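Geometric and topological summary
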Amino acid sequence: MKSGSLAKIPDRTFGLLLTIPAFLFLIAVMIFPLIRVINMSFFDYRVFEGGKMIYVGLKNFREAFADARFLNAVLNTLQFTIVTVGFQFIIGLFIALILDKQFRGRSLIRMAVLLPWALPTVINSLLFRWMFDGQFGLFNDILIRIGIVSRPVNWLASPLGATFAIYFTQIWKVSSLVGLILLAGLQSIPQTIYESATVDGAGELRKFFKLTLPLLRPAIIVVLIFRSLVALQVFDVIYAMTKGGPADATESVVYNIYMQTFLFTEFGYGSAMSLLLSVLILLFGFMYIRGFYRQESTMGEGV
Amino acid sequence: MNRGRGLTLFLFLFAVVGLAVFAGGQGEKEQQNVVIMVGSHGQYLIEETMEAFMAEHPTISVEAVAISSVPQESWQTYTTMFAAQDGSAHIVGMYPTDVVHMAEAGWLTDLSQLYDPSYEKELEKFNRTAVEINTVGGNLYAVPLYADALLLYYRKDLLEKYGFQPPTTWDELTKQVQTIKAGENDPNLAGYIFQAPKIEGVVCNFVNFQSGVGGEIMKDGKIVLDSPKNREALSFMVGLVQKGIAPESVTTHNPNDDSIQFGNGNAIFMNNWPFALNKYLDPESKVYGKVGITRMVGNDQPGASCLGGVSIGINNFSEDKDGAWEFVKYITNYEWNKQRAIRSSLLPARDAVYQDPELLEKNPAFKLLAEGAQYLKSRPTHQTKYYIKLADRMQYHFNKAMLGMQTPEEALTNAQAEMNKILEEEAE
């Protein structure tokens, strides 16, 4: 059924032709917005003056570095990323090691463990906001009943308490996902290696640090990169739990960008901040990959 | 060469088809299509309203689109939609904070060009404050669809038990709380609950306190926040928590949280929007039959409530503005204000509806609402096109003062300085 003219086209060219729709789609949804954001970050976009665009050069970027609110948000976000991803990793590894053992009802538990992650973040966050509530919260009730505090703690009203509440919610939600990814990594390690280690007289701890962790490294790197990149863009849990409050104690970079762009309609400034965030995210990814490959190559030399 | 020809042919065909579609769209124009975009509260009875309207106006067809009823979110919808000069929604529902921004941006149609002079008389029948906030530079840009007001809810049973009348001043309210709390000796029972997190609610609640002492946020285009009267108002608001009249949770609670707390019988007084009342009229509610509503209390002068609610205006990028205006007039008329009030407790934007005998007979809630809902004070939303930015600074500093992270004096001084800076920067 091939028509004559189509058959004459070389395979390579024909393949390229077929990718055009996908490529156009990519241009429309990724490349065009990216260029537009880069372009807009050099302008003061005055929505209320008929969308007038005034070229301001690097002013938006300079402003960001002098904006105490933005810098505070950057610090908050970095701290959030390091603490939550750290704990997610430790708890997730723990979950993975338990689920790797043989026990009855294992597949059921494996599914149940994913539940927190399957719930939308906003729902999670609202549930936890109520549990942390200073007046009718569940956590206060428990703490008072077991006698740790005598009167309700108003968690979300203090910078420290609100930060803790947000971290807690996020770690609770994502640890199980991290656990499952690490579990997949664990199961790809052949049992024979452990058997020969046992024959050589290695103890459980030694096997964990000398075998499990190094062999799990690819899975660990994937988890750390993906979780960090997502954590650096944290928005929903903050929007649902504290709206950046109390004062600006829990404002993240994306929350700040959202405020500036969509509430204050500073599209130019918002674009500049988005680009700065992208640079930060790329830096993080770069650091991980560099660290990973360097260790990989030194390990190779050692063997 | 061949490929070049093919491409040319393709582009040509594309252009022809495109033009044909476009021309078709521009074609005969007997029928006017009007789309109204409004949040969920504004959607009450809208199907019925549209049907009745279309029966009377066969040449106009109306369609409703629902958007978020969270002010921040609907504002986000509008900033993106109007920045793209999208005219597909003819009528848009706006909160008081939105109208001036959108009017100044040229997004809204000056309605005074659409109506004939006789409509001026009709406008006088709306709540004066509600019309005022939609007037920019002497021109009307939106018509109030429904009002919203912070009301003072109280526990009728508790007040009766201790022989109190509903309070009219803050001093009375404070004394009643102290007496009842001491008498009940229930650690879960809070005195007066209101909203003071970093949301617009904290500004609205400040306006309530302010109304009693006669302070203002803006006057003649200038920020006059840092004044003795406002210091009195904010100090009083902060002091309520320190004196134990209000619980610490007011610094984190939004209106919904408070309505739950009050609904569980855990507060004597609550400052909240009318939506909460519907929950308490349900016989299943723990406070069924125990809730009273009164007007906002004051100090030297009677208190007034912070004005909210939704107004509708006409998109400047739309066609069929005449048809849209007909529907705006229709949906905001006396009869539909009354119908919405009877069947959904949505506060009418026309004063006379509150006294309507049929309404008072059919919806008992209005016996309560009528007292509280008519004394309104606006935020300076109509005095500046930068209100949303300015309000953000008030939210931040008021919340910080409520948390004890700065004194009320510092909060007002800092907020005023930062608000002035915003105005200076915008003036550049």
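Calculation rules
- Residues numbered from 1 in each chain as written.
- Chains lettered and ligands numbered in written order.
- Predicted model: local features only at pLDDT ≥ 70, side-chain atom pairs only at ≥ 80, totals over all residues.
- Heavy atoms only, no water.
- Helix = DSSP H or I, 4+ residues; strand = E, 2+ residues; numbered from the N terminus.
- Rg over C-alpha atoms; globule rule 2.2 N^0.38 Å.
- Buried < 20%, exposed > 50% of the residue type's maximum accessible area, 1.4 Å probe, protein only.
- Contact = heavy atoms within 4.5 Å.
- Phe/Tyr/Trp six-rings, centres within 6.5 Å; stacked < 30°, edge-to-face > 60°.
- Lys NZ or Arg CZ within 6 Å of the ring centre and 35° of its normal.
- Polar contact = N/O pair within 3.5 Å; in protein donor to acceptor, adjacent residues only side chain to side chain.
- Disulfide = S-S within 2.5 Å.
- Buried area = accessible area lost by both parts, 1.4 Å probe.
- Salt bridge = Lys/Arg side-chain N within 4 Å of Asp/Glu carboxyl O.
- Nonpolar A, V, L, I, M, F, W, Y, C, P; charged D, E, K, R; others polar.
- Domains from an automatic or database assignment.
- Pairing = 2+ DSSP bridges.
- Axes fitted to C-alpha atoms, helices over the stretch in contact; angles between N-to-C directions.

Along its length, chain B carries 18 helices and 14 strands. A compact globule built from 428 residues should have a C-alpha radius of gyration of about 22 Å, and chain B, at 25 Å, falls within 12% of that. The buried share of chain B, taken over its 428 residues, is 55%. Summarising the internal contacts of chain B: among those between residues at least 6 apart in sequence, 72% fall at separations of at least 24.

Attention shifts here to the packing of aromatic side chains. In total, this model carries 45 aromatic pairs over all chains according to the counting rule given. Relative to Tyr-330 of chain B, the ring of Phe-53 of chain B has its centre 5.3 Å away and its plane inclined at 55°; by these criteria the two rings are tilted. A residue pair is termed long-range when its members are at least 10 positions apart, and Phe-53 of chain B in helix 2 (residues 46-56) and Tyr-330 of chain B in helix 13 (residues 321-331) qualify at 277 residues. Grouping residues by exposure puts Phe-53 of chain B and Tyr-330 of chain B together as buried. Members of the aromatic cluster, each reached through a chain of ring pairs, are Tyr-45, Phe-235, Tyr-239, Tyr-255, Tyr-258, Phe-262 and Phe-267 of chain A. For the cation-ring pair, Lys-243 of chain A lies above Tyr-239 of chain A, with the distance from its terminal atom to the ring centre recorded as 3.9 Å.

Residues and elements named next belong to chain B. The topology assignment puts Thr-109 in the loop between helix 4 (96-104) and helix 5 (119-123). Each residue touching Thr-109, except ones within four places of it in the same chain, is listed here: Leu-114, Leu-140, Tyr-141, Ile-314, Asn-315, Asn-316 and Lys-321. Of note is the side chain of Thr-109, whose polar atom sits 3.4 Å from the side chain of Asn-316.

Residue and element names in this part refer to chain B. Evaluated as defined, the whole model comprises one disulfide over all chains. Note that Cys-204 is cross-linked by a disulfide to Cys-306, the S-S spacing being 2.4 Å. One disulfide, between Cys-204 and Cys-306, carries an S-S torsion of -45° and so falls in the left-handed class. Placement of the pair is Cys-204 in helix 9 (residues 200-213) and Cys-306 in strand 13 (residues 305-314), with a sequence separation of 102 residues.

Taken together, the contacts link 35 residues of chain B with 32 residues of chain A. For the pair chain B and chain A, the summed buried area comes to about 3000 Å², and 53% of that belongs to carbon and sulfur atoms. Glu-251 of chain A is paired through a salt bridge with Lys-198 of chain B; the nearest N and O atoms lie 2.9 Å apart. Put simply, the parts of the chain that give the side of chain B that touches chain A at least two residues each are helix 3 (71-83), helix 4, helix 11 (255-263) and helix 17 (387-402) of chain B. For the side of chain B that touches chain A, the residue count by class is 10 nonpolar, 14 polar and 11 charged.

Residue and element names in this part refer to chain B. By domain assignment, chain B separates into domain 1 (34-147 + 308-375) and domain 2 (149-307 + 377-427). Placing a centre on the C-alpha atoms of domain 1 and another on those of domain 2 gives a separation of 27 Å. The interface of domain 1 with domain 2 comprises 24 residues on the first partner and 28 residues on the second. Both faces considered, domain 1 and domain 2 share a buried interface measuring about 2200 Å² in area, 68% of it formed by carbon and sulfur atoms. Along the contact surface separating domain 1 from domain 2 lie zero salt bridges. Linking domain 1 with domain 2 are two residue pairs in polar contact (both at pLDDT 80 or more). By residue class, the composition of the side of domain 1 that touches domain 2 is 12 nonpolar, eight polar and four charged.

All names here are of chain B. Here strand 3 (residues 91-94) shows a buried face lined by Ile-91 and Gly-93 and a second buried face lined by Val-92 and Met-94. Bridge analysis of strand 1 (residues 32-39) against strand 3 gives two bridges, and the strand direction is parallel. Counted as the bridge partner of Met-37 is Val-92 from strand 3. Bridge count for strand 3 against strand 13 is four bridges, and the pairing is antiparallel. For Gly-93, the partnering residue across the bridge sits in strand 13 and is Ile-312.

Once that is clear, we can look at the sheet that holds strand 8 (residues 190-193) of chain B. All names here are of chain B. Strand order in this open sheet of four strands is 8-11-7-12, and the pairing throughout is mixed. Each of the sheet's edge strands pairs with one partner strand only, and the pair in question is strand 8 and strand 12 (291-294). Taking each pair of neighbouring strands and ignoring which way they run, the sheet shows an average axis angle of 20°. In this structure, strand 8 lies alongside strand 11 (residues 267-272), joined through three bridges in parallel fashion. Its bridge partner being in strand 11, Ile-193 is matched across the sheet by Met-270. Contacting strand 7 (151-155), strand 8, strand 11 and strand 12, helix 11 runs over the sheet at an angle of about 155° to strand 11.

It is worth spelling out the side chain of Thr-97 of chain B at this point. Residue and element names in this part refer to chain B. Its place among the elements puts Thr-97 in helix 4. For Thr-97, the side chain forms a polar contact with the side chain of Asp-98, separated by 3.2 Å. Thr-97 has contacts with Glu-200, Arg-379, Thr-381, Tyr-387 and Ile-388, leaving out every residue within four places of it along the chain.

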